[in-house]
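Here is how the chains run, residue by residue.
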Amino acid sequence: MKKINLDQKERQFFKTVHNAAFANPFSELRERLDQKIAGLFPSATRRESKDKCVREVDRRLKKLETDNKGNINDYQDGDKEILRVVYLFDIFHKFRDQFDQLIKDQINAQDTPVKVSFVEDAKQMVIQKGFDIKTFYHYFALSYQLRRAFYFISHSLVGSSPCMRTLKKNLWYNVFTHSIELYDSFLWNKMEDFSTLLLGETGTGKGTAAQAIGRSGFIPFDIKRGCFAESFTQAFSSLNLSQYPETLLESELFGHTKGAFTGAIEDYQGVFDRCSPHGSILLDEIGEIPNHVQIKLLRVLQERHFSPVGAHTILRFNGRVIAATNRPKRAVMEGEIFRDDFYYRLCSDIIEVPPLRTRIKESPSELDDLLNFTIHRMTGMHSKKLTQQVKRIIDRRLGKNYHWPGNVRELEQCVRSVLLKKDYRGKEIIDPAEVSLSTTLQRGIKEKTIAVSDLVAGYCKLLYDTLGTYEKVARKTGLDRRTIKKHIETQKKGFNN
């Protein structure tokens, strides 16, 4: 049978849709392409552009079907490839509401995979366009992944300031690379080789960003069970490295065998052993781990192998590593935090999560968006009245130029405080011109008024400011790293004298 071709206008339109399908949905390019497809002016809202774009693509494809030109196998290679992507774009958007509901149902069901009720409808629609069964199930799983990524990036990371738009765009690239075409052709089942380092101050939302990545990995569809092979809630796990003493840190990471050390009364699976092949692990506060643990983690990242403490068995890690630290970017980049070999293997991608003060400075309305989101999450309802009440307290007590040293986490505590007692004082900003910590310690010793706990805490803080890591302070003082962290956090709250 002779192959057919799209005419010039059809090809031009569908090529634009093809390009839109591969564009980052959080990018300016995608916004412009949606407007072009929809035939709207740049002043149109993003939602308006998206909805009209989807309707226009559907209308154009139905016209092809009316003209008996709806099967992709009837076309030459170039036009066939364009229409293949366009049909997948169209079908994906036809089922986006069902995908969203599936995501919500899976969150409620947690680790038990939910049956997919609409898979047969989607399959029939795709097969009618000339796709084979195997191709359908692959793209059905990819569509679910695309929708999860969009859902978690757009729903859990609130804000439309320029720096937040950049963050969302970078998170999408982290999941799908700069080109979904590249990802689909070569990397959809190989992303475990790309580790990620999240940088940002305490409380900015690095954990939320990591979860958006970790819950957005490719999960194949299980045809026999009629559901996806695994719940995305199982696909992400997190470990705060600073909460474990050095003696137990390796055990939490790699596991241990019975009798490996005092107190090891049974075999224990570490976080790498528990991680799903489709999953990701967040190693939080990775800037605090000692040198020898960095070496062992390097082996996991480079060779994908590890051994439990006390065992000679070699196990394979098939997941993806996401790491996070609140250490300054300068210190990370200049080699003050990580070994060079470990850093270069860890940083396939470095993503910065912006502080709240930057977000509000760029877009003052971001504070209102965050308050609305936080109040809804706490109360289960949207309340303009409560949002205005919290905003008034913030304006009166903190002022419009408050620094928000605790970032989004502090904002959440601010909302709780206002709901509880209709007040929030914020954290006092220490004036650098005031008495230094060293002077305070010296004066306390001279006047014999400082408590021993404050003296130790202050000394640990001075060492930390100089040496840069809990590990180095621990070696210098002979104290446990977790104790060091506790002393420093205590000192930050102020002395008792």
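Residues numbered from 1 in each chain as written. Predicted model: local features only at pLDDT ≥ 70, side-chain atom pairs only at ≥ 80, totals over all residues. Heavy atoms only, no water.

### Quick word on the packing of aromatic side chains
Alright, step 1. Across all of its chains, the model carries 29 aromatic pairs by this definition.
Alright, step 2. A ring pair is formed by Phe272 and Phe306, whose centres lie 6.0 Å apart and whose planes are at 45 degrees; its orientation type is tilted. In this pair, Phe272 sits in helix α12 (residues 271-274) while Phe306 sits in strand β6 (residues 305-306), placing the two residues 34 residues apart along the sequence. For the pair Phe272 and Phe306, a shared accessibility class is recorded, and that class is buried.
Alright, step 3. Here a set of aromatic residues connected by ring pairs shows up, and it is made of Phe92, Phe95, Phe99, Phe118, Phe136, Tyr137, Phe140, Tyr144, Phe221 and Phe228.
Alright, step 4. The cationic tip of Arg60 hangs over the ring face of Phe13; the distance from NZ or CZ to the ring centre is 3.9 Å.
Alright, step 5. The ring of Tyr144 has Arg148 lying over it, and the distance from NZ or CZ to the ring centre is 4.5 Å. (Phe/Tyr/Trp six-rings, centres within 6.5 Å; stacked < 30°, edge-to-face > 60°. Helix = DSSP H or I, 4+ residues; strand = E, 2+ residues; numbered from the N terminus. Buried < 20%, exposed > 50% of the residue type's maximum accessible area, 1.4 Å probe, protein only. Lys NZ or Arg CZ within 6 Å of the ring centre and 35° of its normal.)

### Things to note about the side chain of Glu285
Alright, step 1. Within the element layout of this structure, Glu285 appears in the loop between β5 (280-284) and α13 (291-303).
Alright, step 2. Exposure remark for Glu285: the relative accessible area of 16% places this residue in the buried category.
Alright, step 3. Apart from residues no more than four positions distant in its own chain, Glu285 is found in contact with Asn240, Leu241, Ser242, Ala324, Tyr470 and Lys485. (Contact = heavy atoms within 4.5 Å.)

### So, the pairing of strand β8 (residues 320-325)
The two faces of a sheet get side chains in turn, since along a regular strand they alternate between them.
Alright, step 1. With six of six residues buried, β8 is to be regarded as a mostly interior element.
Alright, step 2. Judged from the four bridges that link them, strand β1 (residues 196-199) and β8 form a sheet pairing that is parallel. In the strand pairing of β8, Leu198 is matched with Ala324.
Alright, step 3. Pairing of β5 with β8, which is carried by five bridges, proceeds in the parallel orientation. Each bridged residue has a counterpart across the sheet, and for Leu282 the counterpart in β8 is Ile322. (Pairing = 2+ DSSP bridges.)

### So, the packing of helix α3 (residues 46-66) against helix α4 (residues 77-94)
Alright, step 1. Following both chains from N to C, one finds α3 and α4 inclined at 125 degrees, their axes separated by 10 Å at the closest point. When the axis of α3 is compared with that of α4, the two are oblique. Here α3 and α4 pass one another in a crossing that is left-handed. Between α3 and α4, the contacting residues are Lys50, Cys53, Val54, Val57, Asp58, Leu61, Leu64 and Glu65 on the first element and Leu83, Val86, Tyr87, Phe89, Asp90, His93 and Lys94 on the second.
Alright, step 2. Its residues placed into classes, the contact of α3 with α4 shows nine nonpolar, one polar and five charged. (Axes fitted to C-alpha atoms, helices over the stretch in contact; angles between N-to-C directions. Parallel < 35°, antiparallel > 145°, perpendicular 65-115°, else oblique. Left-handed = near helix turned anticlockwise from the far one by under 90°. Nonpolar A, V, L, I, M, F, W, Y, C, P; charged D, E, K, R; others polar.)

### Digging into the nonpolar core
Alright, step 1. Within the largest apolar cluster, 77 residues are counted, with the highest numbers of intra-cluster contacts made by Phe14, Val57, Leu83, Phe140, Phe176 and Phe228.
Alright, step 2. With twelve residues, helix α7 (residues 133-156) is the single largest residue contributor to this core.
Alright, step 3. Among residues more than four places away in sequence, those in contact with Phe14 are Leu6, Arg60, Leu61, Leu64, Ile82, Leu83 and Val86.
Alright, step 4. In this structure, Val300, Phe317, Phe342 and Tyr343 belong to the second largest nonpolar core, which totals 32 residues. (Core = buried A, V, L, I, M, F, W, Y, C linked by side-chain atoms within 4.5 Å.)

### A closer look at the sheet that holds strand β9 (residues 349-352)
Alright, step 1. Ordered in space as β4-β5-β8-β1-β9, the five strands form an open sheet in which the pairing is parallel. The two strands at the open ends of the sheet, each matched to only one other strand, are β4 (236-240) and β9. Taking the axes of each pair of neighbouring strands and ignoring which way they run, one obtains an average angle of 20 degrees across the sheet.
Alright, step 2. The pairing of β4 with β5 spans five bridges and is parallel. Its bridge partner being in β5, Leu239 is matched across the sheet by Leu283.
Alright, step 3. Strands in contact with helix α8 (residues 162-176) are β1, β8 and β9; relative to β9, the strand with the most contacts, it is inclined by about 155 degrees.

### Quick look at unusual backbone geometry
Most peptide bonds take the trans form, and the phi angle of most residues other than glycine is negative.
Alright, step 1. The backbone of Asn68 shows a phi angle near 60 degrees, a positive value even though the residue is not glycine.
Alright, step 2. Structurally, Asn68 is set in the loop between α3 and α4.
Alright, step 3. At Thr177, a position not held by glycine, the phi torsion is positive, near 65 degrees.
Alright, step 4. Within the element layout of this structure, Thr177 appears in the loop between α8 and α9 (180-187).

### Description of the environment of Ala260
Alright, step 1. Within the secondary structure layout, Ala260 lies in the loop between α11 (246-254) and α12.
Alright, step 2. Between the C-alpha atoms of Ala260 and Pro308, which are 48 residues apart in sequence, the distance is 9.2 Å.

### Points about the confidence of the model for the protein
Alright, step 1. Mean pLDDT over the protein stands at 92; residues scoring 70 or higher make up 97%.
Alright, step 2. Counted against residues more than four places away or in other chains, residues 429-434, with its pLDDT under 50, gives two contacts. (pLDDT = per-residue confidence, 0-100.)

### Things to note about the environment of His292
Alright, step 1. When you line up the elements, His292 lands in helix α13.
Alright, step 2. His292 sits in the partly exposed class, given a relative accessible area of 32%.
Alright, step 3. Expressed as a C-alpha distance, the spacing of His292 and Glu250, which sit 42 residues apart in the sequence, is 9.9 Å.
Alright, step 4. Among residues more than four places away in sequence, those in contact with His292 are Glu246 and Glu250.

### Considering α8
For an α-helix the count is 3.6 residues per turn, leaving residues at separations of three or four pointing the same way.
Alright, step 1. Taking 1.5 Å of rise per residue, the 15 residues of α8 would be expected to cover 21 Å, and the 21 Å separating its terminal C-alpha atoms lies within 8% of that figure.
Alright, step 2. If you check which residues of α8 are buried, you get Cys163, Met164, Leu167, Lys168, Lys169, Leu171, Trp172, Asn174, Val175 and Phe176.
Alright, step 3. Remark: Thr177 follows α8 within two positions and exhibits a positive phi of approximately 65 degrees. (Expected span 1.5 Å × (residues − 1).)

### Remarks on helix α5 (residues 96-109)
Alright, step 1. Counted at 1.5 Å a residue, the expected span for α5 with its 14 residues is 20 Å, and the 20 Å between its end C-alpha atoms agrees.
Alright, step 2. Residues of α5 that are buried include every one of Arg96, Phe99, Asp100, Leu102, Ile103 and Gln106, and no others. The buried residues of α5 occupy an angular sector of 155 degrees when the element is viewed end-on, so they sit on one face. Those residues of α5 that are exposed and aimed more than 90 degrees away from the buried face are Asp97 and Asn108.
Alright, step 3. The inward-facing, buried residues of α5 contact α3, α4, α7 and β3 (227-228).
Alright, step 4. Phi for Gln110, located one or two positions after α5, is positive at around 60 degrees. (Arc of directions from axis to C-beta.)

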